[in-house]
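Chain and residue survey
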Amino acid sequence: MTDKKRLILNLFEMNCVSHITHGLWRLPDNNRERFNDIEYWTELARLLEAGGFDAVFLADVVGTYDTFRGSADTAIRQGLQIPNNDPASVVPAMAAVTRHLGFGITFSTTYEPPFAWARRLSTLDHLTKGRVGWNIVTSYLPNAARNFGHDGEVEHDLRFEIADEYLDVLYKLWEGSWDEDAIVADRAGNVFADPAKIRPIHHEGRWFKVEGPHLPSPSRQRTPVLFTATASGAGTRFAGKHAEVVFTGGPDAASLGRTIAGIRAAAVEAGRRADDVRFVTMAGVVVAPTEAEARAKLARYQELASPDGYLAHASLPWDPAAYPPETLLRDVGVDSGRAGRFRSVDPEQTVGEFLAGFGDLSRQPLLAVGNPEQVADEIERWLDEVGIDGINLLQYHSYDTARDFIDLVVPVLRERGRLRKEYDERETLRERIFGAGDRLPQRHYGARYRGGAHLPPSPAK
């Protein structure tokens, strides 16, 4: 009998008030407004580790949602990812009060230079003893581009070209700049590190010029676990080459299954194995001792859900509320395959039909509402039939969403062999996800620079 696939269990978080459940910060006893307090993050970290979570996945943006109604006013009123703090800055606080919880940190390759980010991430991997992953994004908000000196967004596929070179620089720094035995710590000879085993990288490409060497010594993982969040053509090729874990979704399970198959094929094309990539999707879970109680809880959440917040989050370039609900979308010029982010449209839909989906919490593709057994059944179905490997648990309430999952669902999933019953005392995040090895597999593109291989020679002086 084969072992059952074990669930990768992450909590989906962001250093802000309203992440993706807009309006629900108003729920009684919700802690969302405490996100500026270090205690919010330390309490959350202790809770997640006690409940056996693999990691907390920290989202981020570097601009405001200012397309809807022509300004950021709606986003600001809703607390929609503004105010918003740096996700990496809370990791040391959470790591200090835990021993096992992992951290997925979102950071963009488009606007900030690679040398500084490589140093920060190596530092975090040292401080956490190998519990860090990086969610690689390329940024999409027009305001983000303007915040970093651009007149508008960098074109989508070009962002991925930049990201590909960005990763090349990082691999050279993380994998190639230092030998494993470079630190000798010879007290008698007063030699801490051997300069013959530390080298510049002399990267000079289209987008970046970096001499090196990497300033930190090799951390437990050297290269942190590499996450991406993608479904586009360029993103699929990028994930096939680089990603170890892909956070992805779609309007339904069938669409997600096609995305998974496409990225696995891209990994094979890049010289890797199809199972070198794990897939995580967002999961909405509302659980209670009985199904009736869970349904009542979801209804309470629904009462506070804010359609305006979801419209602004979708960067909708028009305002459905400005038209009578019976108006056809084609009559207001909405005739493309999409209208804003996240939403496919039919031009023959009415405005009212289109608007109905915004703020409807039941529209989440992986939505499990019920008693613990019902919720576990649905998660197992997605693991076995859809082909996911894990979930990023969507938070309706902080900390009740996580606490309910831990108290009610975790025991059932453990009994069914889907979750570990305890942590391995020494494993890194990569070991936890893949079961073997702190480091990138040798077949991964980034491993080609190990030992200084494939680095250009030092320029003649």
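A short tour of the structure in this document, coming up.

Reading the values: the criteria
- Residues numbered from 1 in each chain as written.
- Predicted model: local features only at pLDDT ≥ 70, side-chain atom pairs only at ≥ 80, totals over all residues.
- Heavy atoms only, no water.
- Helix = DSSP H or I, 4+ residues; strand = E, 2+ residues; numbered from the N terminus.
- Polar contact = N/O pair within 3.5 Å; in protein donor to acceptor, adjacent residues only side chain to side chain.
- Contact = heavy atoms within 4.5 Å.
- Phe/Tyr/Trp six-rings, centres within 6.5 Å; stacked < 30°, edge-to-face > 60°.
- Lys NZ or Arg CZ within 6 Å of the ring centre and 35° of its normal.
- Buried < 20%, exposed > 50% of the residue type's maximum accessible area, 1.4 Å probe, protein only.
- Pairing = 2+ DSSP bridges.
- Right-handed = clockwise from strand over helix to strand, strands pointing away.
- Core = buried A, V, L, I, M, F, W, Y, C linked by side-chain atoms within 4.5 Å.

**Overview of the side chain of N30**
Summarising the element assignment, N30 is placed in the loop between β1 (8-14) and α1 (38-50). Of the polar contacts made by the side chain of N30, one reaches the backbone nitrogen of R32; its length is 3.4 Å. With sequence-adjacent residues up to four places away left out, N30 is seen in contact with L24, W25, Y396, H397 and S398.

**A few points about the packing of aromatic side chains**
Scanning the model with the defined rule gives 21 aromatic pairs in all. Chaining the aromatic ring pairs together yields one cluster made of F107, W117, W134, Y166, W174 and F208. Taking the ring centre of Y445 as reference, the NZ or CZ of K241 above it sits at 4.2 Å. Note that R448 overlies the ring of Y449, its terminal NZ or CZ placed 5.2 Å from the centroid.

**Quick notes on helix α7 (residues 233-242)**
Count 3.6 residues to each turn of an α-helix, and residues three or four apart come out pointing the same way. Most of α7 is tucked away: seven of the ten residues are buried. Buried within α7 are the following residues: A234, G235, T236, F238, A239, G240 and H242. In this structure, the buried side of α7 is in contact with β4 (132-137), α6 (156-176), β9 (225-228), β10 (245-247) and α8 (253-269). Residue S232 occupies the N-cap position of α7, its side-chain oxygen lying 2.9 Å from the main-chain nitrogen of G235.

**Observations regarding the pairing of strand β13 (residues 390-393)**
Burial of β13 is two-sided: the residues G390 and N392 facing one way and the residues I391 and L393 facing the other way are all buried. Where β1 lies against β13, four bridges are found, and the strand directions are parallel. By the bridge assignment, I8 is partnered in β13 with G390.

**A word on the pairing of strand β11 (residues 278-287)**
By the criterion of burial, β11 is predominantly enclosed, with nine of the ten residues buried. Note that β10 and β11 share three bridges and pair parallel. What sits directly across from F247, in β11, is V280. Taking the sense of rotation as the criterion, the β-α-β connection linking β10, α8 and β11 turns out right-handed. As paired strands, β11 and β13 are joined by four bridges and run parallel to one another. Pairing of T281 across the sheet is with I391, part of β13. Across four bridges, β11 lies against strand β12 (residues 367-370) in parallel orientation. Residue pairing across strands places V286 opposite V369, the latter belonging to β12.

**Structural notes on the side chain of T248**
Relative to the elements of secondary structure, T248 occurs in the loop between β10 and α8. Judged by its relative accessible area of 6%, T248 falls in the buried class. Those residues within four positions of T248 in sequence are excluded, and the remaining contacts are T230, A231, L256, T259, F279, V280 and T281.

**Quick notes on the nonpolar core**
Residues F53, W134, I388, I391 and F405 are the most contacted members of the largest nonpolar core, which totals 82 residues. Element by element, the count of residues in this core is highest for α6, at ten residues. When near neighbours in sequence (up to four residues on either side) are disregarded, F53 contacts L9, N10, L11, L48, L101, L393, F405, I406, Y423 and R432.

**Notes on unusual backbone geometry**
Following I82, the chain continues into P83 via a peptide bond in cis, with omega recorded as 0°. Structurally, P83 can be placed in the loop between α2 (73-78) and α3 (91-96). With a phi angle near 50°, H202 is a residue other than glycine that sits in the positive phi range. For H202, a relative accessible area of 16% corresponds to the buried category. One non-glycine residue with positive phi stands out, namely H454, at about 65°. Structurally, H454 can be placed in the segment after α14 (429-434).

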